[in-house]
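# Coordinate analysis (summary)
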Amino acid sequence: MAARRPWKTKPAAPGPLPVVPHSVSVFPLRAVPVLLLGVLALAGCRDETSPWARERVARMPLREKVAQMVAPALYVGADARPAQDTLLANRVAAEELGGVRLLPGSAQVAARRIALLQRTARRPLLVIADLDRGPGGTLDGAEEMPPPAALGALDEAGVDRVAQRVGEEARRLGINFGLLSAPSFPHATALPGPVGPRAEQAFAHFAGELAEDGVAVAVRALSPGPEPADTSVRVLPWDRAAAEALQLDLLRTLLRRGIHGVKPASVAVPSLTRDSVPLPDNPVFVTGVLRRDLGFDGLVIEDLAPPAPLVRRHGPGEAAVRAVAAGADLLVGVEDARAAINAVVLAVETGRIPREMIDASVGRIFAVKERLGLGTRGDSARADPAQAKEAAREGPEGADTLAAAAHRAALTVLGTAPRELLRNCRQTVLVTARGVEAAPLSATLLAAIPGLTHLQTDRVPRRGPLVPPRVPFAGTHADCVVAAAFPERRPVLAERVVAALPQPDSAARAALPAARLAELRRDTLARRIVWIDFFPAVDAAAPRAQSIVLARGTGAEAQRAAAAVLTGAAPAPRLPEGVAWPAARTLRIAAADSVGMRADTLAAIDAVVRRAIADGVFSAAAVAVGRRGSLVKLRGYGSVGGVPVDARTSLFDIASLSKVVGTTAAVMVLVDDERMALGAPLRRYVPTFRGGGRGDVTVRQLLTHTSGLPAGAWLYPLSSSDAALRRVIRTELETPPGERVVYSDFGMIVLAEGVRLAAREPMDWFLARRVFGPLGMQSTFYLPSADLRDRAVATAVESERPYAVRGVVHDGNAYRLGGVAGHAGIFSTAWDLSVFAQAMLNGGAYGTRRIWERGTVASFTRRQPNAGTRALGWDTPAPRSSAGSYLSERAYGHTGFTGTSIWIDREKDLFVILLANRTFTE
């Protein structure tokens, strides 16, 4: 943990919340005995426990220490009987447990049971609960707030007030330890979740404020989304830059804000650990990444509830032992606390786990309890049970106003504004799935929409009657529908539920009475549908409705906030940053004739590539051809280490394609962010790039290769990457800027340095965060980790380096610059580059994710004046170029020295990608 600030308790200030604009900017250890891993873990830990904690740990027997590391599940369902409470309290006291983990249930029952447990426990308990949506997210009768990442539309003061309210109610219920889920990147085909810089800032600010206001905070980290339902281990193919940019950088911020715990996701990240062991079971991650690299001295938490992946793989007892051996301090959600304690005690007594690890973990637990005020006055310190009981009966003053304002700020509206879509409807029907509790939504809409009716059904037809003719319903022919989807209770949009209108020349149609025929004609018209998704899952498919409202909650205030937008009582919010709507095209595999191409012509590619391999031109290749949003060709050729090339997974060094896929793409983002200007001199971003006319070179001239810099020089013999970069920055101009086109690696190298300084982070981190991550390009990066080298295509048998080049950048200058360079260094696959090309054809978006503004893509891919065939970063077709004579004048593309090329044609709505290793000759 970073430097701690003292607890503070500030009164919440109820009232409307101000809203601001959206745009702001090791080695594998499996074979090493667990005992050695424990010693390694201890070597990476800092002892920052207090004398109070150390003294108590020193005089506790082993079993009591282990019991302090266990927080079993606490049932608080509405059917929990008071007669059972004493038995439960006696069991917790007898085991001398360190805490309890609240299950979803009733706030009243939770308050009652927490008060009794704290009163009877020998040592104060950590009471752990999910607080992503406040206590009301899991406890009926408590107040629900939007998730912290969804508060990006609020200013800091607004986020503060929400965090204070959540902490205030949690403390009244007796909850002293909250779990929060860090934002993860949703799939491009999912409903857009709260992502981007403002979402991360809001989350970090919320977590820090909650931690300051008297509730310990732990964060679930490194989660890419829902965990698999089976026992398989999800492996994240992120490189280190992606892991840093997408999760670890946020985790550093959270540690600086003083969070107390980290719950690693049950995934494997080989770029961090160099193995495929899941993070909760991985001492390399806990010791090497969390403790050593990040300097974290708080609690490492592992969830051992029965559905947890670690429990499903190893069983509850062994799961507990593995988690503690890997460095976990607190085991939460355990079903059988006694069995878990017995298993860990036995592992310590038999030498599988060092006793020192247990002492260190219990010391950290006591340190958190001390900070919560549970130990500074001795072991008798307790929460006030009367206060906890009161919280279940009565919400805090002003809560309705604050919660309502927070839920309104967290709304997202996609498509037509709901109020506009519902204007002049003859009849409107609210549709929810059967069994859904939607009284607040229904009552609010009924008060504002005369004649509204509420229908519970699982299907919403776009045309025709809302229900089959045999079902009596007054609003069956309504022209407008508000469809509300709740978690696990989502109606399905269907085309119709009854037969279509008979054909004009059919006998059935001729026999219909005129009135019935008129009614059927009316029912062929598509009705207007507003879709409200309450607490949408990031992997939920976006429905095809004219207007979509995404609400970040399910309770009364979330429902009223959504209704306020529908009725016009609250304005429709602007589209959040990074969201594309309507959703842009995403790639699908399709037959050639479906997009106006010939299958036999595409098949001829196979013969050409195979002949090139047979002639020794290259040993491996991959081809992708896409048109009109469909992939009609995606195929690998040759082999990688004896394994056939796979166009989806085989990694190619794309050489100078890095200039457009990397450096140019990053500049486009910075231009959209207004952090870089094309007409600005580069010295504005790289102050050392001046003298000898260099100070006049603009960003635009570097992108069009008209800067006056030479093509390049050999940097490999220099002593370091810093020396190589200084050599490039000090290179004299050969001609005045803007006078002549000279394809220059050096120009892109200094431009990449401008990207790094303008973005205030390494360029590979920036690209992972803003381009590759949002697009789902998980196999595109600069520095493949060692575990990925088996997937990499070799590019040289001999080079200036004394080894065959495979999985390491081929370009010697890029290698000397550290592997992350403006002119070369990216590794990618044919599939990933297809996604990139489709995003460019889409005008900067892919699915629901917007990467660049449409106008930015258009300007960067247009041929520039006084620059020959050059666009900004990109090239355009010319005689004898690799574009041949088949592409239109609106096409743009680039090539790479290793045998790679990408061409994108806006007029033909087409892209063609070839990846090969022509530099590899045996």
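Just so you know, these numbers come straight off a predicted model, no measurement behind them.

### A word on the overall build of the protein chain
Secondary structure assignment for the protein chain yields 30 helices and 31 strands. Sorting the 922 residues of the protein chain into buried and exposed places 60% on the buried side. About 36000 Å² of surface is accessible on the protein chain, with carbon and sulfur atoms providing 53% of the total.

### Quick look at the nonpolar core
In this structure, Leu102, Ile353 and Ile358 are the most contacted members of the largest nonpolar core, which totals 129 residues. Per-element tally for this core: the top contributor is helix 8 (residues 240-256), with 10 residues. Core analysis: the second largest hydrophobic core is formed by 90 residues, Leu702, Met748, Val755 and Tyr892 among them.

### A word on the confidence of the model for the protein chain
Per-residue pLDDT for the protein chain has a mean of 86; in total, 87% of the residues score no lower than 70. Every residue in residues 18-47 is under pLDDT 50, and counting partners more than four places away or in other chains gives 65 contacts.

### Some remarks on the sheet that holds strand 14 (residues 428-432)
Pairing between sheet strands relies on hydrogen bonds along the backbone, with the strands arranged either parallel or antiparallel. The sheet built from 6 strands is open, its strands ordered 13-20-19-17-14-15 with mixed pairing. In the strand order of this sheet, the two ends are held by strand 13 (412-415) and strand 15 (453-456), each with one partner. In this sheet, adjacent strand axes meet at a mean angle of 20 degrees when their direction is disregarded. Pairing between strand 13 and strand 20 (residues 547-551): 4 bridges, direction antiparallel. Note that in strand 20 the partner of valine 413 across the bridge is valine 549.

### Concerning the state of the cysteines
Every disulfide links exactly two cysteines, by a covalent bond between their sulfur atoms. Scanning the model with the defined rule gives 1 disulfide in all. What pairs with cysteine 425 in a disulfide is cysteine 480, and their sulfur atoms sit 2.0 Å apart. With the S-S bond torsion at -80 degrees, the cross-link from cysteine 425 to cysteine 480 turns out left-handed. With cysteine 425 in the loop between helix 17 (418-421) and strand 14 and cysteine 480 in strand 17 (residues 480-485), this pair connects stretches of sequence that are 55 residues apart. The two residues cysteine 425 and cysteine 480 agree in class, both being buried.

Reading guide: rules and limits
Residues numbered from 1 in each chain as written. Predicted model: local features only at pLDDT ≥ 70, side-chain atom pairs only at ≥ 80, totals over all residues. Heavy atoms only, no water. Helix = DSSP H or I, 4+ residues; strand = E, 2+ residues; numbered from the N terminus. Buried < 20%, exposed > 50% of the residue type's maximum accessible area, 1.4 Å probe, protein only. Areas by Shrake-Rupley, 256 points an atom, 1.4 Å probe, with all protein chains shown as cover. Core = buried A, V, L, I, M, F, W, Y, C linked by side-chain atoms within 4.5 Å. pLDDT = per-residue confidence, 0-100. Contact = heavy atoms within 4.5 Å. Pairing = 2+ DSSP bridges. Axes fitted to C-alpha atoms, helices over the stretch in contact; angles between N-to-C directions. Disulfide = S-S within 2.5 Å.

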